[in-house]
Amino acid sequence: MRNNNNYQPENREFTETVVQINRVSKKTKGGNQVRFGAVVVLGDKKGKVGVGNSKAKDVRNAIRKAIEDAKKKMITITMRGTTIPYSIIAKLGASKVMLKPAPPGSGIIAGGPMRIVLESAGLRDVVGKTMGSNNKISNVRATILALEKSSRLLEKKKYQKEDHKNG
């Protein structure tokens, strides 16, 4: 047995959570082609979160590629303490998502995929509701859209206040 002293653990700045793994089968001339699709949510629990999905011939590579995709699609959200600044509703496809700020200590009150995104972003006190679709991928993307929309709303209000002071 050889001792591998060159191994250095990867720097874990982000927490990664696998939301869904799909087994996809395609009928071809040579037989069936089996591939795997993975949806991963990546966050630093300090206000950065991203979602990525990818396909590969095996599960490990699908997850690895999805993590790389999530790193490219990271967004920064604005937080007010441990919650979001405003109530927000976002619609993406058939999914409709509602997020509301909650008082400190109430925790994340949201279902499955939405909870994963909010925890990865570092939010601790939020009330959320998914409506319309039960599709995990759609709900995750709609939650990301809602958080992004909330951040843009806050930036817009700050800009208007500065413009009002100067004018």
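All figures in this text were calculated on a predicted structure; none of them were measured in a lab.

Turning to the confidence of the model for the chain, a few remarks are in order. A low pLDDT means the predicted coordinates there should not be read in detail. Across the chain, the average pLDDT comes to 88, with 90% of residues at or above 70. Low confidence marks residues 1-9, where pLDDT is under 50. Its contacts with residues over four positions away, or in another chain, come to zero contacts.

Taken in spatial order, the four strands of this open sheet run β1-β2-β3-β4, and their pairing is antiparallel. The strands lining the two open edges of the sheet, one partner per strand, are β1 (15-28) and β4 (75-76). Direction of pairing for strand β3 (residues 48-56) relative to β4: antiparallel, over a ladder of two bridges. By the bridge assignment, V49 is partnered in β4 with I75.

The tally for this structure, following the rule as stated, stands at three salt bridges. Of the charged contacts, one joins E68 and R64 as a salt bridge, the two residues approaching to 3.1 Å between their closest N and O atoms. Pair noted here: E68 and R64 are both in helix α1 (residues 59-72), with a separation of four residues, about one helical turn. Between R115 and E119 there is a salt bridge, with its nearest N and O atoms 3.9 Å apart. Of the two residues, R115 and E119 are both situated in helix α2 (residues 112-121); the distance of four residues between them amounts to about one turn of the helix. Using a relative accessible area of 35% as the deciding quantity, one classes E119 as partly exposed.

Conventions we followed
- Residues numbered from 1 in each chain as written.
- Predicted model: local features only at pLDDT ≥ 70, side-chain atom pairs only at ≥ 80, totals over all residues.
- Heavy atoms only, no water.
- pLDDT = per-residue confidence, 0-100.
- Contact = heavy atoms within 4.5 Å.
- Pairing = 2+ DSSP bridges.
- Helix = DSSP H or I, 4+ residues; strand = E, 2+ residues; numbered from the N terminus.
- Salt bridge = Lys/Arg side-chain N within 4 Å of Asp/Glu carboxyl O.
- Buried < 20%, exposed > 50% of the residue type's maximum accessible area, 1.4 Å probe, protein only.

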